[in-house]
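Structural description and commentary
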Amino acid sequence: MAEIPQCAGCSQHILDKFILKVLDRHWHSKCLKCADCQTPLADKCFSRAGSVYCKDDFFKSVRLSLCS
């Protein structure tokens with residue numbers, strides 16, 4: 001029997017029909033959110049340094065790191 005995965009966002013077991021796998025971690029669809037603005041990430045997400053971001057916040061952080 002397969003082990004029930006735990007959500008990286010809330011640490012609860014995932015019993016949902018769909019499980020998201022991002023950065024080799026499992027997520028409930030409601031728990032995968034941008035690290036900066038907390039927007040739910042349903043369609044696309046971007047990663048940097050082990051965190052997930054929406055498109056706007058990801059490119060904002062890239063621009064800030066290039067300027068410093």
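This text goes with the structure placed above it.
Reference entry: report on the structure contained in this document. Keep in mind it's a predicted model, so treat the numbers as computed, not measured.

Remarks on the overall build of the chain
Helix and strand content of the chain: one helix and four strands. Counting helices and strands in the order they occur from the N terminus, the chain gives β-β-β-β-α. Across the 68 residues in the chain, those meeting the buried criterion constitute 24%. In the chain, 9% of the contacts between residues at least 6 apart in sequence involve partners at least 24 apart. Counting every atom, the chain has about 5,200 Å² of accessible surface; 53% of that belongs to carbon and sulfur.

So, the nonpolar core
V22, W27, L32, C34, L41, V52, Y53, C54 and F58 form the largest nonpolar core, which has nine residues in total. Setting aside anything within four residues of it in sequence, one finds L32 in contact with L20, V22, W27, T39, P40, L41 and V52.

With respect to the state of the cysteines
Here the structure, examined in full by the defined rule, presents zero disulfides. The cysteine C7 is free of any disulfide, with C31 supplying the nearest cysteine sulfur at 3.7 Å. Left without a disulfide partner, C34 is nearest to the cysteine sulfur of C37, which lies 3.7 Å away.

A closer look at the side chain of D57
Position of D57 relative to the elements: it lies in helix 1 (residues 55–67). Looking at D57, its side chain comes within polar contact range of the main-chain nitrogen of C37, at 3.4 Å. Among the polar contacts listed, one links the side chain of D57 to the side chain of K60, at a separation of 3.0 Å. Dropping the residues within four chain positions of it, D57 is found in contact with C34, D36 and C37.

Looking at the pattern of salt bridges
In this structure the tally under the stated criterion is one salt bridge. The shortest N-O distance in the salt bridge between D57 and K60 comes to 3.0 Å. A residue pair is termed a helical-turn pair when its members lie 3 or 4 positions apart in one helix, as D57 and K60 do in helix 1 at three residues.

Basis of the calculations
Residues numbered from 1 in each chain as written. Predicted model: local features only at pLDDT ≥ 70, side-chain atom pairs only at ≥ 80, totals over all residues. Heavy atoms only, no water. Helix = DSSP H or I, 4+ residues; strand = E, 2+ residues; numbered from the N terminus. Buried < 20%, exposed > 50% of the residue type's maximum accessible area, 1.4 Å probe, protein only. Contact = heavy atoms within 4.5 Å. Areas by Shrake-Rupley, 256 points an atom, 1.4 Å probe, with all protein chains shown as cover. Core = buried A, V, L, I, M, F, W, Y, C linked by side-chain atoms within 4.5 Å. Disulfide = S-S within 2.5 Å. Polar contact = N/O pair within 3.5 Å; in protein donor to acceptor, adjacent residues only side chain to side chain. Salt bridge = Lys/Arg side-chain N within 4 Å of Asp/Glu carboxyl O.

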